[in-house]
Structure formats: structure tokens, C-alpha cells
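In case you want the letters, here they are:
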Amino acid sequence: GDSVTQMEGPVTLSEEAFLTINCTYTATGYPSLFWYVQYPGEGLQLLLKATKADDKGSNKGFEATYRKETTSFHLEKGSVQVSDSAVYFCALSGPGGATNKLIFGTGTLLAVQP
Amino acid sequence: KAGVTQTPRYLIKTRGQQVTLSCSPISGHRSVSWYQQTPGQGLQFLFEYFSETQRNKGNFPGRFSGRQFSNSRSEMNVSTLELGDSALYLCASSWDGQGTEAFFGQGTRLTVV
């Protein structure tokens with residue numbers, strides 16, 4: 001079945017460091033891909049998305065490119081801030097059939113130190 | 001524009017009891033999905049409703065059920081609660097269509113004692 005694999009955390013970085021969180025997926029067809037972020041005590045917020053191969057999603061300095069050839073959707077940010085500390089989830093939806101069901105990775109805790 | 005509202009935010013129940021959680025989606029959204037989040041299993045899909053019909057279901061026992069009303073509000077019910085049902089239950093609403101983003105509520109934290 002469809003699945004998402006993302007790198008284990010926690011990831012601990014100093015402020016202004018470069019961030020990469022790896023995400024790969026397994027799916028039949030062409031899913032849509034998402035990164036969600038969860039702050040303590042909160043629900044999930046969409047960070048960015050890409051719906052087809054080679055699309056780049058971006059928001060708040062975060063970027064991820066839909067790579068069909070490597071089935072990947074790695075999250076990057078050039079300079080992290082303390083306020084970026086949160087849990088990040090990679091997810092896919094579709095393909096095939098009318099559904100908004102999301103399949104999530106296990107989440108990666110990011111801790112940014114001043 | 002109001003976001004997704006889940007009530008209550010916190011619940012404490014005893015084993016064997018049943019519980020009902022409520023979700024009000026964003027106005028105009030007809031798709032509502034429910035997820036269970038636990039430290040051990042992560043985020044797991046429970047079910048999705050669209051226009052009052054269950055459109056998709058995850059791998060949970062029949063003790064977990066849901067429904068959607070004509071105004072798109074949704075409820076989920078868990079009967080005969082077990083300690084392992086302690087979790088954060090998240091509701092998400094969406095426009096229909098592949099690739100549309102899901103908007104999540106803050107969740108209901110259920111503790112079974």
C-alpha cells in the first residue's frame with residue numbers, strides 16, 4: 001500500500017543553520033504531496049504542497065520539490081529560526097479514487113537553539 | 001473565516017464508557033476526515049465523510065464510528081473505551097478534489113483511565 005518514510009528525529013540545529021528533512025514515498029500513480037507542521041498543543045498546519053512531478057512548493061522560507069524519479073519530497077530551509085521548532089510531517093494523498101485521505105510519515109521533531 | 005472547530009478540547013473517560021467527539025468544518029467544505037494521533041502509532045486515518053456518506057475507512061475496529069450531518073458537521077463515536085484509545089483525535093476538512101489541502105482543528109485530547 002501507499003506509504004511515507006521520513007527521517008528520524010530529533011533534529012537539533014543552531015539558529016541560521018540550513019535545514020533538510022528527508023521524505024520518500026511509495027504510491028501507485030501520482031499522489032499529491034504535503035508538508036504539515038505541528039506546534040506543541042496544536043493541530044496540524046499546512047506548510048506547503050505539490051501536486052505533480054517537478055512542482056516546487058514553498059512557504060515561509062521552506063521549500064520542497066516533487067521528485068518522481070526518486071519518489072522524494074525533501075523539506076529545506078536556508079536559515080532556521082527558533083520559532084521553527086516544531087514537529088514536521090510529510091504526507092501524501094491520492095492517487096486513484098475520490099478521497100482526501102492523507103497518509104503521514106512518522107514526523108520529525110526539529111529543535112532550533114539560539 | 002472560522003477554522004475547523006473541535007469540541008471538547010479535553011476529555012477524561014473510564015474504560016468501558018463511550019464517547020462522542022464533534023467537528024465543525026470550515027464553511028463550504030463537504031469533506032471531513034478524522035485521524036488518531038498517538039506517540040507510538042503516529043497519525044492514523046480513521047475515516048472520511050463526504051456529503052453525509054462515509055467515503056473511506058481506515059483499519060480501526062468497529063468500536064470507532066462516525067457520521068456527518070447535512071450541514072457537514074461530523075461526529076465520531078468510540079464505544080467500550082480501552083486504555084489504548086487514549087490519543088489526540090484530529091478532524092480535518094477539505095474542499096473536494098485530489099490535491100486539495102486539509103485544514104485541521106486543534107484536536108480533542110482523550111484520556112481513558
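Look a little higher up for the structure.
Residues numbered from 1 in each chain as written. Chains lettered and ligands numbered in written order. Predicted model: local features only at pLDDT ≥ 70, side-chain atom pairs only at ≥ 80, totals over all residues. Heavy atoms only, no water.

### Re the side chain of N100(A)
- As for its position among the elements, N100(A) is in the loop between strand 10 (86-93) and strand 11 (102-104).
- In this structure the side chain of N100(A) is engaged in a polar contact, spanning 3.3 Å, whose partner is the side chain of T100(B). (Helix = DSSP H or I, 4+ residues; strand = E, 2+ residues; numbered from the N terminus. Polar contact = N/O pair within 3.5 Å; in protein donor to acceptor, adjacent residues only side chain to side chain.)

### Considerations on the state of the cysteines
All names here are of chain A.
- Inspection of the entire model under this criterion finds two disulfides over all chains.
- Each sulfur of the disulfide joining C23 and C90 lies 1.9 Å from the other. Judged by the sign of its S-S torsion, about -70°, the bond between C23 and C90 is left-handed. A residue pair is termed long-range when its members are at least 10 positions apart, and C23 in strand 4 (residues 23-26) and C90 in strand 10 qualify at 67 residues. For the pair formed by C23 and C90, the shared burial category is buried. (Disulfide = S-S within 2.5 Å. Buried < 20%, exposed > 50% of the residue type's maximum accessible area, 1.4 Å probe, protein only.)

### Considerations on the sheet that holds strand 3 (residues 19-24) of chain B
Residues and elements named next belong to chain B.
- Across the sheet, four strands lie side by side as 1-3-8-7; this open sheet has antiparallel pairing. Each edge of the open sheet is held by one strand with a lone partner, namely strand 1 (5-7) and strand 7 (64-68). Sheet twist, expressed as the average angle between the axes of neighbouring strands with direction ignored, equals 15°.
- Across three bridges, strand 1 lies against strand 3 in antiparallel orientation. Note on strand 3: the bridge partner recorded for T5 is S24. (Pairing = 2+ DSSP bridges. Axes fitted to C-alpha atoms, helices over the stretch in contact; angles between N-to-C directions.)

### So, the sheet that holds strand 8 (residues 62-65) of chain A
Residue and element names in this part refer to chain A.
- As summarised here, the arrangement of the four strands in space is 3-9-8-7, forming an open sheet in which the pairing is antiparallel. Among the strands making up the open sheet, the edge pair consists of strand 3 (19-21) and strand 7 (56-59). Averaged over neighbouring strand pairs, the angle between their axes works out to 15° when direction is ignored.
- As defined by bridge partners, strand 8 adjoins strand 9 (residues 75-77) across two bridges and the pair is classed as antiparallel. The residue bridging E63 from the neighbouring strand is E76, located in strand 9.

### Some details on the layout of surface pockets
- By volume, the largest pocket amounts to about 400 Å³.
- When residues of the lining of the largest pocket are traced back to their parent elements, those giving at least two are strand 10 of chain A together with strand 4 (31-38) of chain B.
- Among the elements that take part in the lining of the largest pocket, strand 10 of chain A stands out by supplying three residues, more than any other.
- Among the residues forming the lining of the largest pocket, the class breakdown is seven nonpolar, 10 polar and two charged.
- Space inside the second largest pocket adds up to approximately 220 Å³. (1 Å grid on protein atoms, 1.4 Å probe; cavity = no way out; pocket = protein on both sides within 12 Å on 5 of 7 lines; lining within 4 Å. Points joined across faces, edges and corners; volume = space filled by probe spheres on them. Nonpolar A, V, L, I, M, F, W, Y, C, P; charged D, E, K, R; others polar.)

### Thoughts on the interface of chain B and chain A
- Taken residue by residue, the interface counts 23 residues in chain B and 23 residues in chain A.
- The contact between chain B and chain A buries some 1,800 Å² in all, and 47% of this surface belongs to carbon and sulfur atoms.
- Connecting chain B to chain A are zero salt bridges.
- Our count for the chain B to chain A interface comes out at eight residue pairs in polar contact (both at pLDDT 80 or more).
- Tallied by class, the residues present in the side of chain B that touches chain A amount to eight nonpolar, 10 polar and five charged. (Contact = heavy atoms within 4.5 Å. Buried area = accessible area lost by both parts, 1.4 Å probe. Salt bridge = Lys/Arg side-chain N within 4 Å of Asp/Glu carboxyl O.)

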